[in-house]
Every structure is written in C-alpha cells, then in structure tokens.
Amino acid sequence: MGIGKWLLVSWLLVGFAACGSSSATAVPPTSSSIQTVTLQPTPTLQVTTSPLPPAMLASPTPTPQTDTDWQPLQQGLERRAIQILDENGRQTEKITLLRIDSSLFTFKIGYSPGQPKPLATWQEETGALIVVNGGFFTPEFVATGLIVVDGQPSGSSYVGFGGMITMAESEVQVRSLLERPYQPTEIHDYALQAFPMLVLNGEAAYQTTDFDRARRTAIGVDGNGRILLILASWGSFTLAEFSSYLAAADFGLVNALNLDGGTSTGLILAEPPESIPAFVAVPSVIIIFPN
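Residues numbered from 1 in each chain as written. Predicted model: local features only at pLDDT ≥ 70, side-chain atom pairs only at ≥ 80, totals over all residues. Heavy atoms only, no water.

**Student:** Lay out the nonpolar core in plain terms, naming residues and giving numbers.
**Tutor:** Counting 33 residues, the largest nonpolar core has Phe-107, Ile-130, Ile-165, Leu-229 and Ile-286 as its most contacted members. With four residues, the top contributor of residues to this core is strand β8 (residues 105-111). Residues in contact with Ile-286, not counting those within four places in the same chain, are Phe-107, Lys-108, Ile-109, Ile-130, Val-131, Val-132, Ile-165, Met-167, Ile-219 and Leu-259. Counting 21 residues, the second largest nonpolar core, distinct from the first, contains Ile-82, Leu-198, Ile-230 and Phe-242. (Core = buried A, V, L, I, M, F, W, Y, C linked by side-chain atoms within 4.5 Å. Buried < 20%, exposed > 50% of the residue type's maximum accessible area, 1.4 Å probe, protein only. Helix = DSSP H or I, 4+ residues; strand = E, 2+ residues; numbered from the N terminus. Contact = heavy atoms within 4.5 Å.)

Set out below in structure tokens:
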C-alpha cells in the first residue's frame, strides 16, 4: 500500500497523500471524461511526513553551501547539485537539478490510472532517458487534476489554483491556472496539472505559512526557455520556504510548479546513471527522450 500526501492550506489544497490497493480498476483516459470542478478540502485523508536524515535541522539555510555548478551531460542537458549546510557545516538539504533544452528533447506524460508503477519500471517500459514523478493522485491512484496523454485528456481541471505543464512537439510550457485558466478547447499532446505554483513571473508565488516539511519535486522554465527539474530530496523545506528558495536562487526561473512530493519524490537518469528513489509507486510520470 502506497502513501502520498494531502495538506489543507487556506482556501485550497497544497498537497495530499494517496493510498490504496494496486488492484484498483484502471480508468483509461478519454476525451469524454473532461469536466471542470472546484476541488474542496478533504481533511479526512492522512497527512504523513517523509523520513529525514538524522542531522536534519528545522530549516535549511541558503548559505553556506557547496555547489557543483552546471555540468554538461550531453548536448542540451546539464546537471547541478547543491548541498545546503548549516552554520556548523552539517548538510541539511540536497538540491538536484537537471536543465534541459526542450528543442533537443521530447517531453511526454506517462499515466497508468489505478495501476501505479515504481520509477524504475516506468523507465524500463518506456526507455526514457529521464523519469520524474508526476502530480497528485487519489487513493485509487487516479490523477486529481487534468492529465493529457497522446492528445487524449481525462480528469478534472483545477479551478482557481494550481498550475499546468503542457507539451506539444518541442514546446514545453509551465503556467499558472489562476493567471491562465484551462479551457476545454485547448489541444495538447501531453499535459499535467499540479499545485501550487512556486514561482510566477520570477517571484515567489507561494508564501502561505505552513509547517509541513517534506521532500519536494518541482518543474520550472527559465528565462531562456529551458526546462528545469528540481528535487529537494532530504525533506527540509516547507512549501513557502521552497518557493522563496527557488525565486531567490540563481536558476533564472520565470515560472515553477510544485509536483507531488513526500514519498512520491523521485528521479531516474539513465545516462549517466543516477537515481533519487521514490518511496512509493506512482501512477503518473514525466518522461523525457533525446530527439
């Protein structure tokens, strides 16, 4: 049984968990299943925390830190690792980033409603160079927001909150659904919704006080149109702290969207091999292939 995360913050959800049997009936995506609803808080679901390293302090400090800077892995793909340290030199967080030129890579969404898979299985079945966990899901392992696979949308669009990744040919966009709501007439090859927006127009977009520290996954776009995958895998950030950190860092982010975190946070890079294991199987992933 897998467990994700729910969190009620103010008038919207900012994270929730999912647990359920892997034998749940799959719900294949169909264009006829589109609907637009406003999600309501669901306080009855469990809120869980992620395992933290023993030396973890209450809050990460942006400095001092060790930083590999951007290292080229192949044309259009760079990696960066940042270790955030406290004043005593103890590591409190690890940030792993991949920066991708979307004109040289193909982005897709993998979705298996009702039948979650470990990230390693997603990678083996698709042959993708990069696999990262997707958005939030219900106890039945169905995406909570709209999701589009091979041009076929399913699920319900978030209304008045959250954000959306859209993919068509070599164009990948990360947008706010509050700033630009989803329209049923939109056509995308692939798309996925999540929440909250962490960076919007270069500024910290989520500043609601919260005390929930967890592993975090985000996807963003910088001023040059490159896509950034960002994982904070030690679990020391609240969402507000993560939002502030991303906006203040030298990543050049214009927009950034929070993906499912906690036990779902994970990434696989096939070459050169690198893995940040997710602790649960997930029904949706972002998969990336070289052109």
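From this point on, the discussion continues.
**Student:** Please provide a residue-by-residue account of the pattern of salt bridges, values included.
**Tutor:** In this structure the tally under the stated criterion is nine salt bridges. Residue Arg-90 pairs with Asp-86 through a salt bridge whose shortest N-O separation is 3.3 Å. The exposure class of Arg-90 is partly exposed, given its relative accessible area of 38%. A salt bridge links Lys-117 to Glu-125; the nearest nitrogen and oxygen atoms lie 2.6 Å apart. We classify Glu-125 as exposed; its relative accessible area is 51%. It is possible to trace a salt-bridge network through shared partners that takes in Asp-67, Arg-80 and Asp-250. (Salt bridge = Lys/Arg side-chain N within 4 Å of Asp/Glu carboxyl O.)

**Student:** Tell me what's going on with the side chain of Arg-80, and back it up with residues and numbers.
**Tutor:** With respect to the secondary-structure elements, Arg-80 resides in strand β6 (residues 77-85). Judged by relative accessible area, Arg-80 falls into the buried class, the value being 4%. A distance of 3.0 Å separates polar atoms of two side chains, one belonging to Arg-80 and the other to Asp-250. (Polar contact = N/O pair within 3.5 Å; in protein donor to acceptor, adjacent residues only side chain to side chain.)

**Student:** Could you give an account of the pairing of strand β7 (residues 91-100), naming the residues involved and the relevant values?
**Tutor:** Counted residue by residue, β7 has nine buried out of 10 residues, so it is predominantly covered. Pairing of β6 with β7, which is carried by nine bridges, proceeds in the antiparallel orientation. Directly across from Arg-79, in β7, lies its bridge partner Leu-98. Between β6 and β7, which follow one another and run antiparallel, lie five residues, and Gly-89 among them has a positive phi close to 85°. Sheet analysis places β7 next to strand β19 (residues 227-237), joined by six bridges and oriented antiparallel. Within β19, the position partnered with Ile-95 by the bridge is Ala-232. (Pairing = 2+ DSSP bridges.)

**Student:** Go over the sheet that holds strand β23 (residues 284-290) with me, naming the residues and quoting the values.
**Tutor:** Within the open sheet, the five strands sit side by side as β8-β23-β9-β21-β22. Their pairing is antiparallel. Two strands lie at the open edges of the sheet, namely β8 and β22 (274-276), each paired on one side alone. Pairs of neighbouring strands in the sheet enclose a mean axial angle of 10°, with direction left out of account. As defined by bridge partners, strand β9 (residues 130-133) adjoins strand β21 (residues 267-269) across three bridges and the pair is classed as antiparallel. Looking across to β21, one finds that Val-131 is bridged to Ile-268. In the packing of helix α1 (residues 119-126) onto the sheet, the strands contacted are β8, β9, β21, β22 and β23, and the crossing angle to β23 comes to about 40°. (Axes fitted to C-alpha atoms, helices over the stretch in contact; angles between N-to-C directions.)

**Student:** Got a sec to walk through a negative patch on the surface? Specific residues and values, please.
**Tutor:** On the surface, Asp-150, Glu-169, Glu-171 and Asp-189 cluster together into a negatively charged patch. Here Asp-189 is to be found in the loop between β14 (171-176) and β15 (190-194). (Patch = residues over 30% accessible without salt bridge, like charges linked within 9 Å, V, L, I, M, F, W, Y side chains within 5 Å. Areas by Shrake-Rupley, 256 points an atom, 1.4 Å probe, with all protein chains shown as cover. Lys, Arg positive; Asp, Glu negative; His and termini not counted. Charge placed at Lys NZ, Arg CZ, Asp CG, Glu CD.)

**Student:** Tell me about the pairing of β19, and please be specific about residues and values.
**Tutor:** Burial runs high along β19: 10 of the 11 residues are buried. Here strand β18 (residues 214-222) hands over to β19 after four residues, with Gly-225 in that stretch at a positive phi of 80°.

**Student:** With reference to specific residues and values, describe the sheet that holds β14.
**Tutor:** Across the sheet, which stays open at both edges, the five strands sit in the order β11-β10-β15-β13-β14 with antiparallel pairing between neighbours. Only two strands of the sheet have a single neighbouring strand rather than two, namely β11 (152-154) and β14. On average, each strand axis in the sheet is inclined to that of its neighbour by 20°, with strand direction left out of account. Direction of pairing for strand β10 (residues 147-149) relative to β11: antiparallel, over a ladder of three bridges. Paired with Val-149 across the bridge in β11 is Gln-152.

**Student:** Any chance you could break down unusual backbone geometry for me, citing the residues and the numbers?
**Tutor:** Going from Phe-195 to Pro-196, the amide bond is cis rather than trans, its omega being -10°. Along the chain, Pro-196 falls in the loop between β15 and β16 (197-200). In this chain, Glu-271 is followed by Pro-272 through a cis amide linkage whose omega measures -5°. Structurally, the position occupied by Pro-272 is in the loop between β21 and β22. Although it is not a glycine, Phe-141 sits at a positive phi angle of roughly 60°. Relative to the elements of secondary structure, Phe-141 occurs in the loop between β9 and β10.

**Student:** Describe in detail the environment of Thr-68, supporting the description with residues and values.
**Tutor:** As for its position among the elements, Thr-68 is in the loop between β4 (65-67) and β5 (71-74). Polar contacts involving the side chain of Thr-68 include one to the main-chain amide nitrogen of Ala-81, which spans 2.9 Å.

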